[in-house]
Amino acid sequence: MAQIIHPVKGLPLVHRPRRLRETRAIRRMVRETRLDASAFIFPMFVVPGENVRAEIPPMPGNFQVSLDILIDEATEVIEAGVPAVMLFGIPDSKDEEATGAWAEDGIIQRATRALKRAHPELVVIADTCLCEYMSHGHCGVVGEDGRVENDASVEVLARTAVSQARAGADMVAPSDMMDGRIGAIREVLDQEGFSRVPIMSYAAKYATCFYGPFRVAAESAPAFGDRRSYQMDPANIREALREVALDIEEGADIIMVKPALPYLDVICRVREAFDAPLAAYQVSGEFAMIKAAAQNGWIDGEQAMMEVLTSIKRAGADLILTYFAKDAARILKAG
Ligand code: PBG
């Protein structure tokens, strides 16, 4: 066979990257990014009642579950090899003080106690936010002028974090985007004897349409307005670096970028600029897009799942919060 001559150098072609793509075994050897179930965190939605397992329509295969079912579902999570869950609670009733968020017998507090009792080895992360517990559905305290008040919100969030730690949460994860909440939460956790409890900060959390399905699942859509006065503008990336820097300075142990796929550049830049463990949240809308296309037969759902998760890792995330956690972990286990 005639040698191919390099068009510019006029020499026979030496560099043939395809050599390392010839076989599956070689491709595996030179693979740069590896997914590992130990990096996954599975989000779960807890509701009051017994024997409740209600599928969330825009999130096929995900359920609102009562405490008893939560324990069984968590068994599945553990068996799949996923080490951690993120808990979201839907309370019996909502009010303007988010009482259900910090009550000792609040839904998250009860769920945390039950989970830790049944599965001590499972890492239970409590989402620290107010939107599910506020009658207006905002992530903070709304003042008379209809604005979300920063400092009043931080106080309630700090109270919430302490109650979650008291219930046995292994980690708290503030997702509200109020200014100064990481510092405030760290301070009260330390005061109350929970200096060992880490904070995973939703540091760069964008105001995005991709939370839509979640708000159905958590029954937390704002009754008026939107979240743009506290969550970030999707157009900004330098601001994300400032937000992350502030949260680390205030004591965040793990930082998060959210959503993931439309913000891979943000993940990449944050990874380059900071060495704290970095989590990325593949949110409900990202999950729903893949599921919907797959259900229509328009893409291969399993391949899309693994490819996107790999891209999030490749961009620089250490940890991935994903509704695919169990499914992806099972595939990884099967090899
Ligand atoms: C609560 C919260 C939200 C998500 C996680 N925590 C929704 C929101 O901010 O409206 C979204 C997660 C997802 O879409 O999967 N503040």
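Look up a bit, the structure's there.
It should be emphasised that the depicted structure is a prediction, and the values quoted were computed from it without experimental measurement.

## Looking at the overall build of the protein
Link 1 in the chain: A tally of regular secondary structure across the protein gives 12 helices and 12 strands.
Link 2 in the chain: Since a compact globule built from 335 residues should have a radius of gyration of about 20 Å, the 22 Å found for the protein is in line with a globular shape.
Link 3 in the chain: Restricting the contact set of the protein to residue pairs at least 6 apart, pairs at least 24 apart contribute 72%.
Link 4 in the chain: In the structure as shown, the protein presents an accessible area of about 15,800 Å², 52% of it carried by carbon and sulfur atoms.
Link 5 in the chain: Here the protein holds 37 positive side-chain charges and 48 negative ones, and the gap between their average locations is 11 Å.

## Quick look at the environment of alanine 304
Link 1 in the chain: For alanine 304, the location among the structural elements is in helix α11 (residues 301-315).
Link 2 in the chain: With 43 residues separating them in the primary sequence, alanine 304 and leucine 261 have C-alpha atoms 12 Å apart.
Link 3 in the chain: Every residue in contact with alanine 304, bar those within four places of it in the chain, is listed here: Ile290 and Ile299.

## Comments concerning helix α4 (residues 107-118)
Link 1 in the chain: The terminal C-alpha atoms of α4 lie 16 Å apart, and with 12 residues this matches the ideal 16 Å at 1.5 Å per residue to within 8%.
Link 2 in the chain: Listed as buried for α4 are Ile107, Ile108, Gln109, Ala111, Thr112, Ala114, Leu115 and Lys116.
Link 3 in the chain: Packing partners of the buried residues in α4 comprise β1 (40-46), α2 (67-80), β4 (84-89), α3 (99-102), β5 (123-128) and α5 (150-166).

## Considerations on the state of the cysteines
Simply put, disulfide is the name for a covalent bond between the sulfur atoms of two cysteines.
Link 1 in the chain: Considering all chains together, one arrives at zero disulfides under this definition.
Link 2 in the chain: Take cysteine 209: it sits in no disulfide, and the sulfur closest to it among the cysteines is that of cysteine 139, at 16 Å.

## Section: the site of the ligand
Link 1 in the chain: Close to the ligand lie 18 residues, the nearest being Lys205, Arg215, Lys258, Ser284 and Tyr323.
Link 2 in the chain: Contacts to the ligand include serine 175, whose side-chain N or O atom sits 3.4 Å from a nitrogen atom.
Link 3 in the chain: Taking arginine 227, its side chain carries an N or O atom lying 2.8 Å from an oxygen atom of the ligand.
Link 4 in the chain: Out of a free accessible area of 390 Å², the ligand has 100% covered by protein chains.
Link 5 in the chain: Tallied by class, the residues present in the shell around the ligand amount to 10 nonpolar, three polar and five charged.

## Considering the environment of proline 222
Link 1 in the chain: Among the secondary structure elements, proline 222 is positioned in the loop between α7 (212-217) and α8 (238-250).
Link 2 in the chain: Taking the C-alpha atoms as reference, proline 222 lies 9.4 Å from glutamate 132; in sequence the two are 90 residues apart.
Link 3 in the chain: The contact partners of proline 222, leaving out residues within four places of it in the chain, are His136, Gly137, His138, Arg215 and Arg227.

## Topic: the packing of aromatic side chains
Link 1 in the chain: In this structure the tally under the stated criterion is nine aromatic pairs.
Link 2 in the chain: Taken together, a centroid distance of 4.2 Å and an interplanar angle of 25 degrees make the contact between tyrosine 206 and tyrosine 263 stacked. Residue tyrosine 206 is located in the loop between β9 (200-205) and α7, and its partner tyrosine 263 is located in the loop between β10 (254-258) and α9 (264-273); the two are separated by 57 residues in the primary sequence. Accessibility assignment for this pair places tyrosine 206 and tyrosine 263 in one class, buried.
Link 3 in the chain: When the ring centre of tryptophan 102 is taken as origin, the NZ or CZ atom of arginine 159, which lies over that ring, is 4.7 Å away.
Link 4 in the chain: Lysine 205 extends its terminal NZ or CZ atom over the ring of tyrosine 211, reaching a point 5.3 Å from the ring centre.

Basis of the calculations
- Residues numbered from 1 in each chain as written.
- Predicted model: local features only at pLDDT ≥ 70, side-chain atom pairs only at ≥ 80, totals over all residues.
- Heavy atoms only, no water.
- Helix = DSSP H or I, 4+ residues; strand = E, 2+ residues; numbered from the N terminus.
- Rg over C-alpha atoms; globule rule 2.2 N^0.38 Å.
- Contact = heavy atoms within 4.5 Å.
- Areas by Shrake-Rupley, 256 points an atom, 1.4 Å probe, with all protein chains shown as cover.
- Lys, Arg positive; Asp, Glu negative; His and termini not counted.
- Charge placed at Lys NZ, Arg CZ, Asp CG, Glu CD.
- Expected span 1.5 Å × (residues − 1).
- Buried < 20%, exposed > 50% of the residue type's maximum accessible area, 1.4 Å probe, protein only.
- Disulfide = S-S within 2.5 Å.
- Near = heavy atom within 4 Å.
- Polar contact = N/O pair within 3.5 Å; in protein donor to acceptor, adjacent residues only side chain to side chain.
- Nonpolar A, V, L, I, M, F, W, Y, C, P; charged D, E, K, R; others polar.
- Phe/Tyr/Trp six-rings, centres within 6.5 Å; stacked < 30°, edge-to-face > 60°.
- Lys NZ or Arg CZ within 6 Å of the ring centre and 35° of its normal.

Function cannot be inferred from these measures alone, as they are strictly geometric.
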